[in-house]
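Listed here are the chains, written in short residue letters.
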Protein chains: 2
Amino acid sequence: MKIICYKDKLIKALNSVVKGVASKTTMPILEGILIQTNDNEIKLTTNDLEIGIEYIMDCEVKEQGSTVVNAIMFSEIIRKLPDTEIYISVNDKNLLEIECEGSLYKLATMNPDEFPELPKIEIENSIEVEQNTLKNMIRKTIFAVSNEETRPIFTGCLFEIENNKLSVVAVDGFRLALRNIYLNKQTNDFKAVIPGKTLNEVNKIISDSFEPIKIGVAKNQALFEMDNCKIVTRILDGEFLNYKNVIPSNWETRMKVNKSSLQNSFERISLISASTIEKEKKYPVKVQVDIGKITISCTNQTGDAKEELFVATEGKNLEVGFNPKYFLDSLKAIDDEEVYVEFGSSISPCLIKSIDNNDYTYMILPIRLKE
Amino acid sequence: MKIICYKDKLIKALNSVVKGVASKTTMPILEGILIQTNDNEIKLTTNDLEIGIEYIMDCEVKEQGSTVVNAIMFSEIIRKLPDTEIYISVNDKNLLEIECEGSLYKLATMNPDEFPELPKIEIENSIEVEQNTLKNMIRKTIFAVSNEETRPIFTGCLFEIENNKLSVVAVDGFRLALRNIYLNKQTNDFKAVIPGKTLNEVNKIISDSFEPIKIGVAKNQALFEMDNCKIVTRILDGEFLNYKNVIPSNWETRMKVNKSSLQNSFERISLISASTIEKEKKYPVKVQVDIGKITISCTNQTGDAKEELFVATEGKNLEVGFNPKYFLDSLKAIDDEEVYVEFGSSISPCLIKSIDNNDYTYMILPIRLKE
């Protein structure tokens, strides 16, 4: 194998594929990157058996071939080389040689035949969205994904396509995050639960642009496909929460509130509520809604905090306890200036919703206040 | 105590004094900030018994008094309040009340009489420099300060004033960093070794401006004095290295080299040399100087690396081993485009010096190469 390529192009490719490299593994080959030439292209592949990433780029191929080299070491060396042409080849001792101006590096290689290539998957259903849209949908739901491996299905986000609407849903038993967008092409209904870990990596790889990305789903796998880059992931098995059934459709108390003011109040009060928390549930903040006013308060060993906001309210007065972190996470994921906050009773979940449309719903379960 | 002050002014003061708050202590009072009114000023003081910081600011004092409150909690709350007037008072239950728009916080206080006030120190000698100059001198030497508490004197930087020249020197047994500047006022000769930890904090507090800072030295303490802010620190006891005697004055081999090129080469080669290092001394890089050329190389289990640079050389050819980290630290601290690198023999230290003047000398001890 012998290739010549420019540093900037190679770095772009490496930045994408290194996200798929296994970090803690007993199989050194999974810490590697598979480099394969194909006419005047090279294909870079990484695979940690959960996520696999493939990137194809043009370059000058002097001699066809393939090899596997430690991904981190290879990409770190490339990253620090000068911004010019780099000569990469495998020598007769099976070492990968990297040559660039006065620098010559030789790295041990591994057998490319032992590298687990990405599975060929047969897409059954797919949609196409803009990369920045997907980025947004991920960022605004993923924080609510569960970390508990005891219920693996909730460690992923549900992607549900129904009547040309994509809903992304995450839920961890204490709160739920739901984002919707309408697709502009006629699409089959389908759904799949994609691991949160994968979505985190996808989120780092995709750009904040209007470039398209295709999301395809097969029996056990999903595929994210962009211009030069493909990401293959397993999908999670099992029955996701029937989320539509758990989101209340009526409210007893509702307020229209400036998002930033509410967020700032919760941020300040968290300083007190979090400072002596041993178990999260122990020291909730108290949210009290009166006519035209909301008061958030908290008392513990550290001190005493009270936040008052004058807001437009409808319905009954109410007193209910919450973990302020869940409010904060949801509010941070909202770009709107104003939101509706809806309550049922002191033991019903609270909803944060858009004023103007149906783009998002965040649901937060209450915590019983101590008497 | 009852005061009214603007958030931005108070934050500026808090940013300075919180650097002096004890982080791990069995004395909760040292985690506090002493707030004392004095006519139309307040004085904020923190003291971890090693460094003490005092900041005086104007504000509207409605009722004189003093209190101690947890520094981190207090400053975090202030930081998150809206950018406007803040009312701070101690209530009849001895709680500190912070009021601002719809927010009311009450924090436990401690007895101000128990707070260790800063010692009054009698300055014997002092100099004045610009804050950005001091910042520079600290940044460019402090990395060579020793972390080993077995020889406490080397955990500080020597500040030596001699013939109106200030030299700052750090040394850790493997390398030495020396920076000089000429003072523009007639000054007594004196010297003091100031703890690295203090200098790190001073460095964060002082600004990158031409504003003056006074450095004063007493028997056991040093004082850094700025406009509103005073920092008091102990000075280290003991005999510092007679550094002038250990810096070689002659060279056998010298090269004039582009600083960035040399730094980039060492950065790349560190990827290989550091990757399998168990003990730093075990895998040095080899520096070989031939006529018109320097070659830096390294071989170990990870791979094989070679860097060649074409440079202007004088004197003998030479081969010598180094820990590349020490070269990198020194090169990063230099802003010049070109530097001299001087060698004695393969067992003598190497010097990195300015081409044009005597502003700095970095000395690095060699490592014996394995045969």
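Predicted model, so just to flag it, every value in this text is computed and none were measured.

S.K.: Help me out: how do you make sense of the sheet that holds strand E24 (residues 338–343) of chain B in this one?
M.R.: Sheet strands pair via backbone hydrogen bonds, and the direction of the pair is either parallel or antiparallel. Residues and elements named next belong to chain B. Pairing in this open sheet of 9 strands is antiparallel, and the strands run E14-E11-E12-E13-E26-E25-E24-E18-E22 from one edge to the other. Of all the strands in the sheet, the pair left with one neighbour each is strand E14 (190–195) and strand E22 (312–315). Mean inter-strand twist for the sheet, computed between neighbouring axes without regard to direction, equals 15 degrees. In this sheet, strand E26 (residues 360–364) lies alongside strand E13 (residues 175–182) in antiparallel orientation, the contact comprising 5 bridges. Note that in E26 the partner of arginine 175 across the bridge is isoleucine 364. This element, helix H4 (residues 196–205), spans strand E11 (156–162) and E14 of the sheet and lies at about 85 degrees to E14.

S.K.: Would you mind going over the environment of threonine 361 of chain B with me for this structure?
M.R.: All names here are of chain B. On the secondary structure map, threonine 361 appears in strand E26. The exposure class of threonine 361 is buried, given the 21 C-beta atoms found within 10 Å. Taking C-alpha positions, threonine 361 is 28 Å from glutamine 221, a pair spaced 140 residues apart along the chain. With near-sequence residues (within four places) excluded, threonine 361 lies in contact with Leu178, Ile247, Leu351 and Lys353.

S.K.: Is there a simple way to think about the sheet that holds strand E13 (residues 175–182) of chain A in this case?
M.R.: Residues and elements named next belong to chain A. Taken together, the 9 strands give an open sheet; going across it, the order is E14-E11-E12-E13-E26-E25-E24-E18-E22, and neighbouring strands pair in antiparallel fashion. Either end of the sheet is taken by a strand with one partner, and the two such strands are strand E14 (190–195) and strand E22 (312–315). If you compare each strand with its neighbour and ignore which way they point, the axes differ by 15 degrees on average. Where strand E11 (residues 156–162) lies against strand E12 (residues 165–171), 5 bridges are found, and the strand directions are antiparallel. What sits directly across from isoleucine 161, in E12, is leucine 166.

S.K.: Any chance you could explain the pairing of strand E4 (residues 51–58) of chain A here in plain terms?
M.R.: Residue and element names in this part refer to chain A. Here strand E3 (residues 41–47) pairs with E4 via 7 bridges, running antiparallel. From the neighbouring strand, threonine 46 faces E4, where its bridge partner is isoleucine 53. Between E3 and the antiparallel strand that follows it, E4, lie 3 residues; leucine 49 among them carries a positive phi value of about 75 degrees. Bridge count between E4 and strand E17 (residues 229–234): 5 bridges; the pairing is antiparallel. From the neighbouring strand, tyrosine 55 faces E17, where its bridge partner is cysteine 229.

S.K.: Hey, could you run me through the pairing of strand E15 (residues 212–217) of chain A in this one?
M.R.: On a regular strand, one side chain projects to one face of the sheet and the next to the other, so that they alternate. Of the strand pairs in this sheet, strand E10 (residues 125–130) of chain A and E15 of chain A are connected by 6 bridges, and their pairing is antiparallel. Opposite asparagine 125 of chain A, over in E15 of chain A, you have valine 217 of chain A as the bridge partner.

S.K.: Please clarify how helix H7 (residues 324–332) of chain B should be interpreted in this entry.
M.R.: If you check which residues of H7 of chain B are buried, you get Pro324, Tyr326, Phe327, Ser330 and Leu331 of chain B. Down the axis, H7 of chain B shows its buried residues gathered within 160 degrees of arc, on one side only.

S.K.: Just checking my understanding: could you explain the environment of cysteine 298 of chain A for this structure?
M.R.: Structurally, cysteine 298 of chain A is set in strand E20 (residues 293–299). Counting along the chain gives 210 residues from cysteine 298 of chain A to isoleucine 88 of chain A, while the straight-line C-alpha distance between them is 62 Å.

S.K.: For this particular structure, what's the right way to read the relation of the copies chain B and chain A?
M.R.: Between the two copies of the chain lies a relationship made up of a rotation around an axis and a movement along it. When chain B is brought onto chain A, the operation consists of a screw motion whose angular component is 180 degrees and whose axial shift is 0.0 Å, with 0.0 Å RMSD remaining. With respect to symmetry, the two chain copies, as superposed, fit the operation of a two-fold axis. When the interface residues of chain B are mapped onto chain A, 100% of them again fall at the interface, so both copies present the same face.

S.K.: Even after reading the chapter, I still don't get the interface of chain B and chain A, so can you show me in this structure?
M.R.: How big an interface is tends to be stated in terms of the accessible area lost upon association of its parts. Each side of the interface is counted separately: chain B has 24 residues, and chain A has 24 residues. Of all the secondary structure elements, the ones that give two or more residues to the side of chain B that touches chain A are helix H2 (71–80), strand E9 (103–110), helix H6 (259–275) and strand E21 (303–310) of chain B. In terms of residue count, the dominant contributor to the side of chain B that touches chain A is E21 of chain B (7 residues). In the side of chain B that touches chain A, the residues fall into 9 nonpolar, 6 polar and 9 charged. By the bridge criterion, 5 bridges tie strand E21 (residues 303–310) of chain A to E9 of chain B in an arrangement that is antiparallel. Each residue of the ladder has a partner; that of alanine 305 of chain A, found in E9 of chain B, is tyrosine 105 of chain B.

S.K.: Explanation requested: unusual backbone geometry in the structure shown.
M.R.: The phi dihedral of aspartate 39 of chain A is positive, around 50 degrees, even though this residue is not glycine. Taking the number of C-beta atoms within 10 Å as the measure of exposure, aspartate 39 of chain A has 8 and is therefore exposed. We note that asparagine 164 of chain B has phi near 65 degrees; this positive angle belongs to a residue other than glycine. Inspection of the secondary structure puts asparagine 164 of chain B in the loop between E11 and strand E12 (165–171). The class of asparagine 164 of chain B is partly exposed, set by 15 C-beta atoms lying within 10 Å.

Reading the values: rules and limits
Residues numbered from 1 in each chain as written. Chains lettered and ligands numbered in written order. Predicted model: local features only at pLDDT ≥ 70, side-chain atom pairs only at ≥ 80, totals over all residues. Pairing = 2+ DSSP bridges. Helix = DSSP H or I, 4+ residues; strand = E, 2+ residues; numbered from the N terminus. Axes fitted to C-alpha atoms, helices over the stretch in contact; angles between N-to-C directions. Contact = placed C-beta atoms within 7 Å. Buried ≥ 20, exposed ≤ 12 C-beta atoms within 10 Å, placed from the backbone. Arc of directions from axis to C-beta. Least-squares fit on C-alpha atoms with pLDDT ≥ 70 in both. Nonpolar A, V, L, I, M, F, W, Y, C, P; charged D, E, K, R; others polar.

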